[in-house]
Amino acid sequence: MATTDRQATTLALAHALSAAERGLAVIPLSRSKLPALRSPHRDDPAPSPCHGACGRLGHGVYDASSDPDRIRELFAAAPRATGYGIACGLPPHHLIGLDLDVKTGTDSSAALRELALRHLFTIPPTVVVVTPSGGRHLWLSGPPEVVVPNSAGRLAPGIDIRGAGGYLVGPGSRTGQGVYAAAPGTAHLAPAPCPRSLLRLLLPPPRAHHPVSTADGGHGQGLVQFVLAAHEGQRNTRLFWAACRAYEDGIGAALVTPLVDAALHTGLSEREARTTIASAARLTGHRP
């Protein structure tokens, strides 16, 4: 390996360890911004989904760790890594990344400003990472009980969202296009809380076949059914969305018990359900 590559790997490891000191879980990345460790299941004739249960390295973002010894182990197994990825959605920050891309015919920064004006939110001072192409990554933190999904262009043209199961290229990483760097004056900041109006835009909408009714005998039954239809991995997210909608519709207090019962039916504990509903109440400006 060339000396410059070894230096890039050493520097990437140093930056990754520095990120871990802030509680961020990281993985080594190649120059192509992909995980630097190959999947141990790549030659399996019929590979089944594995998120690291096999005990081997090479499961992408599921390898992410903030433990220094584990990070050194990951980089030792990936001697050609020149960067690192920061896993989103994990404690303590529950990171949400807004990837403002630079593409022909799109102005992602203008699109975000328009969204902010329309939905009455402001992006607070937070970590901003400048990409080699001139784009920006904005780091925000989300509530621990909310799962924000990854998306590409759903929020607005040129804006991709990095949520649970995704990762952001960390500042100091060197890729084939150049180096990622923290914008001046932002490196020392902690990820700012995601504005509640923006957070609601990032959550998946309810399916069309679960109509919401807040009148007569229905009185929020659509929201309850929305929670009941949740599968594992989306239970907290659906409950949080439904509770937010209930409080916005003025029926939050009346719907607490039905929503808790629905959440229990999906497998959440009563404590988890009530914590999520209380978080939704606070987010919408109501008393839990």
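Residues numbered from 1 in each chain as written. Predicted model: local features only at pLDDT ≥ 70, side-chain atom pairs only at ≥ 80, totals over all residues. Heavy atoms only, no water.

Student: Please provide a residue-by-residue account of the nonpolar core, values included.
Tutor: Grouped burial of nonpolar side chains is what soluble globular proteins tend to show. Counting 49 residues, the largest nonpolar core has Ile96 and Leu259 as the members making the most contacts within it. It is helix α6 (residues 235–248) that provides the largest number of residues to this core, a total of eight residues. With residues up to four places along the chain from it excluded, the contact list for Leu259 reads Leu223, Val224, Val227, Leu239, Ala242, Ala243 and Ile277. One finds Ala12, Ala16, Ile27 and Ala81 within the second-largest nonpolar core, a separate group that totals 30 residues. (Core = buried A, V, L, I, M, F, W, Y, C linked by side-chain atoms within 4.5 Å. Buried < 20%, exposed > 50% of the residue type's maximum accessible area, 1.4 Å probe, protein only. Helix = DSSP H or I, 4+ residues; strand = E, 2+ residues; numbered from the N terminus. Contact = heavy atoms within 4.5 Å.)

Student: Tell me what's going on with the sheet that holds strand β1 (residues 26–29), and back it up with residues and numbers.
Tutor: Across the sheet, three strands lie side by side as β1-β2-β8; this open sheet has antiparallel pairing. Both edges of this open sheet fall to β1 and β8 (167–169), since each of them pairs with a single strand only. The sheet shows a mean angle of 35° between the axes of neighbouring strands, taken without regard to direction. For strand β2 (residues 83–87) and β8, the ladder comprises three bridges, and the chain directions are antiparallel. Of the residues in β8, the one forming a bridge with Ile86 is Leu168. Each of β1 and β2 touches helix α2 (residues 68–76); the most contacted strand, β1, lies at about 15° to it. (Pairing = 2+ DSSP bridges. Axes fitted to C-alpha atoms, helices over the stretch in contact; angles between N-to-C directions.)

Student: An account of the side chain of Thr266 is needed here, citing residue identities and associated values.
Tutor: Looking at the secondary structure, you find Thr266 in helix α7 (residues 252–266). Among the polar contacts listed, one links the side chain of Thr266 to the backbone oxygen of Ala263, at a separation of 2.7 Å. (Polar contact = N/O pair within 3.5 Å; in protein donor to acceptor, adjacent residues only side chain to side chain.)

Student: Account for the confidence of the model for the protein, naming residues and giving values.
Tutor: Confidence along the protein averages 87 in pLDDT terms, with 91% of residues attaining 70 or more. Between residues 207–217, whose pLDDT stays under 50, and residues either more than four places distant or in other chains, the model counts 20 contacts. (pLDDT = per-residue confidence, 0-100.)

Student: Help me get a handle on the packing of helix α5 (residues 221–228) against α7, residues and values and all.
Tutor: At a closest axis distance of 8 Å, the pairing of α5 and α7 adopts a crossing angle of 20°. Taken together, α5 and α7 sit at an angle that is classed as roughly parallel. Between α5 and α7 the crossing geometry is right-handed. Where α5 approaches α7, its residues Leu223, Val224, Val227 and Leu228 are matched on the opposing element by Leu255, Pro258, Leu259, Ala262, Ala263, His265 and Thr266. By residue class, the composition of the contact of α5 with α7 is nine nonpolar, two polar and no charged. (Parallel < 35°, antiparallel > 145°, perpendicular 65-115°, else oblique. Left-handed = near helix turned anticlockwise from the far one by under 90°. Nonpolar A, V, L, I, M, F, W, Y, C, P; charged D, E, K, R; others polar.)

Student: Describe the state of the cysteines, and please don't skip the residues or the numbers.
Tutor: The tally for this structure, following the rule as stated, stands at zero disulfides. Just so you know, Cys88 is unpaired, no disulfide at all, and the nearest cysteine sulfur is the one on Cys194, 12 Å from it. (Disulfide = S-S within 2.5 Å.)

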